Amino acid sequence: MQTLKNGHGIWVKVAFFMVASGLAFLFGLISVTANPILIGLAAGLVGGTFLLAIPKKTIWLVIALGLATPALLDMVGHGFHRVLWAVSMMALLLFVPGLLNLFSFNPEQKKTIPLFIWLALIFVLYALIVSVSQLHGLGELFTGFKRYFQTFGLLLALVTLANNKQDFDLWLKLLLIIALLQLPFAVFERFILVPLRGGLAAGGEATDVVAGTMGANLEGGSPNSIMVTFVLIAAAFVFARWKVGLIETSRAALLAGILLLPLALGETKVVVVILPLLAFVLLRKDIMRQPAKYIPVFGLMLILTAILAYFYVYILLDSSFDEAITGILRYNVQEVGYGTLLLNRTTVMTFWAKFHSWQDPISFLFGHGLGSSYGNGFDAGHIARLYPNYGINLTTISTLLWDLGVVGLTMYISIFLAAWVQIGKLWRNSTNPQVKADCMALQAGIALTLFFLIYSDSQVNLLVHELIISLMLGYAAFLHQQQQREIQLAKKMLV
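Within each chain, residue numbers correspond to sequence positions counted from 1 in written order. With pLDDT at 70 or above as the cut-off, local features in this predicted model cover only qualifying residues; side-chain atom pairs require 80 or more to be listed or tallied, and sums for whole chains, interfaces and linings still use all residues. Based on all heavy atoms of the structure, the side-chain values leave hydrogens and waters out of the count.

1. So, the overall build of the protein chain
- The number of helices and strands found in the protein chain is 22 helices and zero strands.
- Relative accessibility under 20% of the residue-type maximum defines a buried residue, over 50% an exposed one, and the middle range a partly exposed one, all with a 1.4 Å probe and only protein chains included. Here the protein chain holds 495 residues, and 52% of them are scored as buried.
- Pairs of residues are marked as contacts when any of their non-hydrogen atoms sit within 4.5 Å. The long-range share in the protein chain, meaning contacts at least 24 apart out of those at least 6 apart in sequence, stands at 72%.
- Carbon and sulfur atoms make up 71% of the accessible area of the protein chain, which amounts to about 23,300 Å² in all. Strands are runs of DSSP state E lasting at least 2 residues, helices are runs of H or I lasting at least 4, and numbering of each runs from the N terminus. Surface exposure here means Shrake-Rupley accessible area, sampled with a 1.4 Å probe, where a residue is shielded only by the protein chains that are shown.

Right under this line is the structure:
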């Protein structure tokens, strides 16, 4: 027995030595390449492995680095935004403590996990099964999984770790600080970077660089709509808490002003749609109960939207409403491609339908695998390479249809519909004013997420947008779990 034990120990030492030597050699090769992508991946893997011992600190780092540093990395130099792969690795590694805690939950604890979290986990499993069953290369599978699920580990950690109200209050404060930081960054981008791209004379091609901390790409394609979404969700939380008396009017007005001012620094026409949508979701219950009191408030939001639309069209674009509306219709619902692409937000759907029907039920129902429709750069998917410059992944819906089929799209949307329903139930059953306010703000955020299904592919592609979504769902799950624990405790006390 002692001989076997010694032999076992020797083999463990040999294996450890070989793995350590291999990693040392690999990281040595990476360090001499000076490639920021590879270095970022290596740093994320090594640092993330150590941070698994302190997952709550990892959550802090993922939120702060993921949402507050993309613009800084882009300003350092083109390509350095890929260092955010290190953040993605840390977020993905949170799958480990998340799953371990989930499996260790007793049946009573599992009952507190809301349905939309289980649906999200089933969606991850479904995507892996579909992609592996029709594998078109490990690179495509890995990069596709990374783009789709790079923050799902964070979501799982928010749900399964022993997080308390104090933890979430601190994370919400951090998010508010980052949301307030959008203003100074937007001011810098508006008055320093916009002139470098041709100034206001260049129209939207120049002003889309105003994207706050979400990433300012001087070559175009900055995620300014993500900045808008982020500050509007933060403003929704401020407004909802002010409405129930948790924030003083003067403080709420100051916070709202700082949060909303970036909307006037860049040209983001989507505000004209999502600002009224946000206002309607936040006020819909009040309008139904007291229309005379709240319809004027909703009207003020519409006036603010009209002012922003006038500013975008006449000041930033130096155009007219007729020309602007004609242009929007041309590259959204008619046959003109979006930007340099051949397809737009409508034709991208008809193009998918042209090649998918019940005659090929496998592709129609289950798609072609993760990453197959991604069409940027050297790592384009095998389907995207068949249709270069078409932009088949222009929207979230088209991306999901190509990659995971009708079943995958249905499963993805069901996550948010289930979240909406369970948050609504939580709102009805809660007497806590903060919980009720935050539920309304969360539903407003979900409404924006559903709108983005037809607007862009950022919620299945960009780290910053996926972080926002995972944080919303994670906080919603925590509120649900908190209420369920209170119900279980009350039942035990009665017994």
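2. Some details on the pattern of salt bridges
- Salt bridges are defined by distance alone: a side-chain nitrogen of Lys or Arg within 4 Å of a carboxyl oxygen of Asp or Glu. According to the stated counting rule, one finds six salt bridges in the structure shown.
- Between D167 and K56 there is a salt bridge, with the nearest N and O atoms lying 2.8 Å from each other. Highlighted residues: D167 in helix 11 (residues 165-196) and K56 in helix 3 (residues 55-68), separated in sequence by 111 residues.
- What makes D167 buried here is its relative accessible area of 15%.
- The class for K56 is partly exposed, based on a relative accessible area of 28%.

3. Remarks on the nonpolar core
- Ranked by internal contacts, the top residues of the largest apolar core, which has 123 residues, are I59, I63, L67, F116, F149 and L404.
- Those residues within four positions of L67 in sequence are excluded, and the remaining contacts are V62, L175, I178, T213, M214, F230, V464, L467, I468 and L471. In plain words, nonpolar cores are sets of buried Ala, Val, Leu, Ile, Met, Phe, Trp, Tyr and Cys residues tied together by side-chain atoms within 4.5 Å.

4. With respect to the environment of I487
- Residue position: I487 is located in helix 22 (residues 463-494).
- I487 gets classed as partly exposed once you look at its relative accessible area, which sits at 35%.
- Note: C-alpha distance between I487 and T112 (375 residues apart in sequence) is 10.0 Å.

5. As for helix 6 (residues 95-104)
- What helix 6 keeps buried is the set F95, P97, G98 and L102.
- Packing partners of the buried residues in helix 6 comprise helix 3, helix 5 (84-93), helix 7 (107-111), helix 8 (115-133), helix 9 (138-149) and helix 10 (152-160).

6. Quick look at the packing of aromatic side chains
- To pair, rings of Phe, Tyr and Trp, with the six-membered ring standing in for Trp, must have centres within 6.5 Å; the planes then decide the type, stacked if under 30 degrees apart, edge-to-face if over 60, and tilted in the middle. Under the defined criterion, the tally for this structure stands at 27 aromatic pairs.
- The interplanar angle of 55° and the centroid separation of 5.6 Å between the aromatic rings of F123 and Y412 together place this pair among those described as tilted. Placement of the pair is F123 in helix 8 and Y412 in helix 20 (residues 396-429), with a sequence separation of 289 residues.
- For F123, a relative accessible area of 1% corresponds to the buried category.

7. Comments concerning unusual backbone geometry
- Backbone geometry places N389, a non-glycine residue, at a positive phi of 70°.
- The topology assignment puts N389 in the loop between helix 19 (361-366) and helix 20.
- N389 sits in the exposed class, given a relative accessible area of 59%.

8. Focus on the side chain of D438
- Mapped onto the elements of the fold, D438 is located in helix 21 (residues 433-451).
- Residue classification places D438 among the buried positions, given a relative accessible area of 0%.
- Contact partners of D438, with chain neighbours within four places excluded, come to F237, R241, Y475 and L479.

9. Quick notes on the packing of helix 11 against helix 22
- Direction vectors running N to C along helix 11 and helix 22 enclose 155°, while the axes themselves pass 12 Å from each other. Relative to helix 22, the element helix 11 is oriented roughly antiparallel. Crossing of helix 11 against helix 22: the hand is left-handed. Contacts from K165, F168, L172 and L175 in helix 11 reach L471, G474, Y475, F478 and Q482 in helix 22.
- For the contact of helix 11 with helix 22, a count of residues per class yields six nonpolar, two polar and one charged. Every angle, taken between N-to-C directions, lies between 0 and 180 degrees, and every axis is a line fitted to C-alpha atoms, over only the stretch in contact when it is a helix. In this scheme, roughly parallel covers angles under 35 degrees and roughly antiparallel covers those over 145, while 65 to 115 is roughly perpendicular and the rest are oblique. Two helices crossing with the near one rotated counterclockwise from the far one by less than a right angle form a left-handed crossing, whereas a clockwise rotation gives a right-handed crossing. Put simply, Ala, Val, Leu, Ile, Met, Phe, Trp, Tyr, Cys and Pro go in the nonpolar bin, Asp, Glu, Lys and Arg in the charged bin, and everything else, Gly too, in the polar bin.

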